[in-house]
Amino acid sequence: MSTVTIELDSVPPKCLCKAKGIACVYLNLTTVPATPPQITSLFLYGNRLELTQSSFKDLNLTSYLHLKNCRISIIPDYVFKSQKHLRRLYLNNNLLRNITNGTFVGLDSVEWLFLDSNRIKTVQLDYFDHLPSLQLLNLSNNSLNFSENQRFPNLPEILELHLEHNNIGIINELLFSSLHHLHYLCLDFNHINTIHANAFVGLTNLRELRIANNDLKILPARLFQPMAYLDVIFIGNNKIQIKNGLFQNINITYLNLIGIAEENIDFNEISRMTALRAVFYDKFHFCSKTPHIQNCRPNTDGISTFSNLLDKPILRHSVWPIVGITTVGNTLVLVSRYRDENRAVSIVIRNLALADILMGFYLSIIGVQDYRFREKYQEHASDWVASSVCAAAGVLAMISSEVSLMILALMSIERFMLIAGQKRLNTSIFLLAIWLSGSALAVLPLIYWRSSNRFYGAYSGTCFPIHLEPFPLGWQYSAFVFLGINTTLLVTIATLYTALFCSIWRTRRNTPLGSLAILDCEFAIRFFFIVLTDCTCWAPIMVMKVLAFFSHNISGDVYAWLVVFVLPLNAAVNPLLYTFTTPKYRAQLLPWGWTRLTGRNLNGSGGASNQSNQAESGKVMPLLSNTSNHTSKWKL
């Protein structure tokens, strides 16, 4: 075998030479460097080249010519006329605007041609007739649009054509009629709104067709039938309807329908596709409508899988303990507060407990349904998320969360007004308004979306409408409730409790009783945990909602933790914060421990406990007597 010698002295400085190829990359070259005639590959990407007709006349490249990212704006006619044996030509990521009839003259052996990521708006497709050996043509990421009478020439070897990310609006009848050997055609991310009924008649050997992310609304009924070997279709993120025999008599095995709404899909049409082995939907529960398909995606929403409503063991095993804590704790509040001396405070706390119990009922429904659907959830998922039971569970959760947060806001307002010496609010009227408002917020979606009955099941089988996915059904309403109303309530609670503690601290600082230091510390700790639990519950939800609004992908695991753990947090902790840790009830629950401890800290007098109990029972607090009209009624 003969050996070819390359004179290294003729290789430009800073260029690399290896295996009969030269790489002069990112050197800010403006002209094609002089290179030995024996080289077969030339890599010049990352420069600032200005091509002339003589740029490659002394070269006889047989493999690769890389001119990517060279800021080339013009290709002179016949510049490649000496490259009759070149097989790969890379002209992508340049500034090309025009292709002329002489651009590709001489490229008889080119198999791959990359013209993507340029600025080409129009091109005479007949110019590609100079490329008889072309197998792959990439024209993506340009600004191409084709007129009604344009057509690709007969390219007998063409297998792959990329036209994605252009401005194509119409696919006419002739455009692809001569590409009989084409196997792959990508038209994704254009503005296609019309496809002629015979647009694909000439693509008799096409295997994969991608027309996703366009403006299609209607497709001809038998558009795909002429492509006898068609195996893969990407058609998602269009406004089309998958009905009327669109896939009749075709034997594809892979179908991508991501981004197509449920009401636009005839799942019976999909079920009749016996050869189909894989399908991609927009929602997890769509898969339950075509159970015969072996590979269906998404196969989980982060909470549920084909087998279980609550798939993760930690979720499944945590639901019932949380139900127990929430239900038992709030039931004890209802019972223990029934004969409270401070009737007004008792009514507020009991209403809060009642709202929190509803959260326990909601989790109970989810737990029961998880048990019912164990190991067979896929068979029931679609019916479940559209059922009245799912809607009822969602309504209970919404009423619980909204009423609870409104009552907490009412308590903070009332406490602040009382400590400021203002007249006490009419709590009965406000509580009635809160329950009516919370119930209205929960029921209105059912009325507005009554035709679909899917507001509460639009995102997940847990039926709570946090909607952490970008723009599902009712996302505007969900954003209004969780970002508008709830954020306002949370800010109100945090602000008023901070102002409340500052007011008490200033008053106590002017009081000469040193024994009140313990109470000051207690107030600070309780106020801190009140605000902390509210923020811990709602702040993550609000942050996730904002991220989803800006189309960030939120993991289904995050949704699972929010619904099963974070959301019920307030319902489970409120009995501790507003009843069982208050001085009166703490003394009843821990008479020997807490009373003796506080009694010793106050020199055996038990003064702090007594004063706290007086405050709890509604008596006037003498230690606040130096402020105007301060009463003890703010203390729970």
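Residues numbered from 1 in each chain as written. Predicted model: local features only at pLDDT ≥ 70, side-chain atom pairs only at ≥ 80, totals over all residues. Heavy atoms only, no water.

### Structural notes on the pattern of salt bridges
As a reminder of what qualifies: Any Lys or Arg side-chain nitrogen found within 4 Å of a carboxyl oxygen on Asp or Glu counts as a salt bridge. Helix and strand assignments follow DSSP, with helices taken as H or I runs no shorter than four residues and strands as E runs no shorter than two, numbered in order from the N terminus. Between buried and exposed lies partly exposed: a residue is buried under 20% and exposed over 50% of the maximum accessible area for its type, with that area taken using a 1.4 Å probe on protein chains only.
In total, this model carries five salt bridges according to the counting rule given. Where K289 meets E262, a salt bridge forms, and the shortest distance between an N and an O atom there is 2.5 Å. Of this pair, K289 sits in the loop between strand 15 (278-280) and strand 16 (295-297) while E262 sits in the loop between strand 14 (254-256) and helix 1 (267-271), and the two are 27 residues apart along the sequence. Exposure remark for K289: the relative accessible area of 28% places this residue in the partly exposed category. Using a relative accessible area of 18% as the deciding quantity, one classes E262 as buried. Linking D370 and R374 is a salt bridge whose minimum nitrogen-to-oxygen distance equals 2.6 Å. The class for D370 is buried, based on a relative accessible area of 2%.

### Points about the state of the cysteines
Put simply, the test is: Cysteine sulfur atoms that come within 2.5 Å of each other are treated as a disulfide pair.
Within the structure shown, the criterion is met by three disulfides. Each disulfide pairs two cysteine sulfurs, and for C390 the partner residue is C463, the sulfurs being separated by 1.9 Å. A torsion of -120° about the S-S bond marks the disulfide between C390 and C463 as left-handed. With C390 in helix 5 (residues 388-419) and C463 in the loop between helix 6 (427-448) and helix 7 (475-509), this pair connects stretches of sequence that are 73 residues apart.

### Observations concerning the packing of aromatic side chains
Working definition: an aromatic ring pair is given by the centre-to-centre distance plus the angle between the planes. Quick reminder of the rule: Here a pair means two rings of Phe, Tyr or Trp (six-membered ring of Trp) with centres within 6.5 Å. Their orientation is stacked below 30 degrees between planes, edge-to-face above 60, and tilted elsewhere. Remark: a charge is flagged as sitting over a ring if the NZ atom of Lys or the CZ atom of Arg is within 6 Å of the ring centre and within 35 degrees of the ring normal.
In total, this model carries 21 aromatic pairs according to the counting rule given. Ring centres 5.5 Å apart and planes at 35° place the aromatic pair Y254 and F280 in the tilted group. Residue Y254 is found in strand 14, and its partner F280 is found in strand 15; the two are separated by 26 residues along the sequence. Judged by relative accessible area, which is 24%, F280 ranks as partly exposed. In this arrangement the basic side chain of R210 is found over the ring face of F234, its NZ or CZ atom lying 3.7 Å from the centre.

### Some thoughts on the environment of K289
Here is the rule: Whether two residues are in contact is decided by their heavy atoms, any of which lying within 4.5 Å being enough. Here a polar contact is taken to be a pair of N or O atoms separated by no more than 3.5 Å, where protein atoms must pair a possible hydrogen donor with a possible acceptor and residues adjacent in sequence count only if both atoms sit in side chains.
Remark: the alpha-carbon pair of K289 and S271, spanning 18 residues in sequence, is separated by 8.2 Å. Apart from the residues within four sequence positions on either side, K289 is in contact with E262, F267, S271 and S382. A polar contact is formed between the side chain of K289 and the side chain of E262, at a distance of 2.5 Å.

### Description of the nonpolar core
When a protein is soluble and globular, its nonpolar side chains tend to lie buried together. The following threshold applies: Grouping buried Ala, Val, Leu, Ile, Met, Phe, Trp, Tyr and Cys residues that are joined through side-chain atoms within 4.5 Å yields what is termed a nonpolar core.
If you look at the biggest cluster of nonpolar residues, it comprises 90 residues, and the most contacted ones within it are F176 and F224. Those residues within four positions of F224 in sequence are excluded, and the remaining contacts are L209, L219, L230, I233, I235, L246, F247 and I250. Listed in part, the 84 residues of the second largest apolar core include L315, V323, L358 and L363.

### Section: the confidence of the model for the protein chain
For the record, the criterion: Every residue carries a pLDDT, the predictor's confidence in it, which falls somewhere between 0 and 100.
Residues of the protein chain with pLDDT of at least 70 account for 83%, and the chain-wide mean is 82. The low-confidence segment residues 1-6, where pLDDT is below 50, has seven contacts with residues more than four positions distant or belonging to other chains. Between residues 592-636, whose pLDDT stays under 50, and residues either more than four places distant or in other chains, the model counts 81 contacts.

### Details of unusual backbone geometry
The omega torsion across R297 and P298 is 0°, close enough to zero to call that bond cis. In this fold, P298 is placed in the loop between strand 16 and helix 2 (313-336). In the Ramachandran plot, N69 falls in the positive-phi region, its phi being about 55° despite a non-glycine side chain. Here N69 is to be found in the loop between strand 4 (64-66) and strand 5 (88-90). Relative accessible area serves as the criterion here: at 34%, N69 is assigned to the partly exposed category. Phi is positive for H165, close to 55°, though the residue is something other than glycine. Mapped onto the fold, H165 is located in the loop between strand 8 (160-162) and strand 9 (170-171). Residue classification places H165 among the partly exposed positions, given a relative accessible area of 34%.

### Things to note about the side chain of S55
Mapping S55 onto the fold places it in the loop between strand 3 (41-43) and strand 4. Taking relative accessible area as the criterion, S55 reaches 15% and is therefore assigned buried. In terms of polar contacts, S55 uses its side chain to reach the backbone amide nitrogen of T52, at 2.8 Å.

### Quick notes on helix 5
Which entries qualify depends on this criterion: To estimate how far a helix should reach, multiply one less than its number of residues by 1.5 Å.
With 32 residues, helix 5 should cover 46 Å at 1.5 Å per step; its first-to-last C-alpha distance of 46 Å lies within 8% of that length. With 25 of 32 residues buried, helix 5 lies mostly within the body of the structure.

### Overview of the packing of helix 3 (residues 343-372) against helix 6
Formally: Angles shown run from 0 to 180 degrees and are taken between the N-to-C directions of axes, each axis being a line fitted to C-alpha atoms and, for helices, limited to the stretch in contact. When an angle is under 35 degrees it counts as roughly parallel; over 145 it counts as roughly antiparallel; between 65 and 115 it counts as roughly perpendicular; any other value is oblique. The sense of a crossing depends on the near helix, which, turned anticlockwise from the far helix by less than a right angle, makes the crossing left-handed and, turned clockwise, makes it right-handed.
Viewed as axis vectors pointing N to C, helix 3 and helix 6 meet at an angle of 15°, and their least axial separation amounts to 10 Å. Here helix 3 lies roughly parallel to helix 6, going by the angle between them. Between helix 3 and helix 6 the crossing geometry is right-handed. Within the contact between the two elements, helix 3 uses A344, I347, V348, N351, L354, A355 and L358 and helix 6 uses T427, L431 and W435.

### So, a nonpolar patch on the surface
Heads up, the condition is: Each patch is built from residues that are more than 30% exposed by relative accessible area and take part in no salt bridge. Like charges join if they lie within 9 Å; nonpolar side chains (Val, Leu, Ile, Met, Phe, Trp, Tyr) join within 5 Å. Surface exposure here means Shrake-Rupley accessible area, sampled with a 1.4 Å probe, where a residue is shielded only by the protein chains that are shown.
The grouping of V443, L444 and I447 at the surface amounts to a nonpolar patch, some 240 Å² of accessible area in total. Relative to the elements of secondary structure, L444 occurs in helix 6. Judged by relative accessible area, L444 falls into the partly exposed class, the value being 46%.

### Notes on the packing of helix 5 against helix 10 (residues 569-580)
Rules: Asp, Glu, Lys and Arg are counted as charged, while Ala, Val, Leu, Ile, Met, Phe, Trp, Tyr, Cys and Pro are counted as nonpolar; the rest, among them Gly, fall into the polar class.
For the pair helix 5 and helix 10, interaxial distance at closest approach is 12 Å and the crossing angle is 25°. With respect to each other, helix 5 and helix 10 are oriented roughly parallel. As helix 5 runs across helix 10, the sense of the crossing is left-handed. Packed against helix 5, whose contacting residues are S404, L408, M411 and R415, the element helix 10 presents N570, N574 and Y578 at the interface. Here the residues of the contact of helix 5 with helix 10 are counted per class, giving three nonpolar, three polar and one charged.

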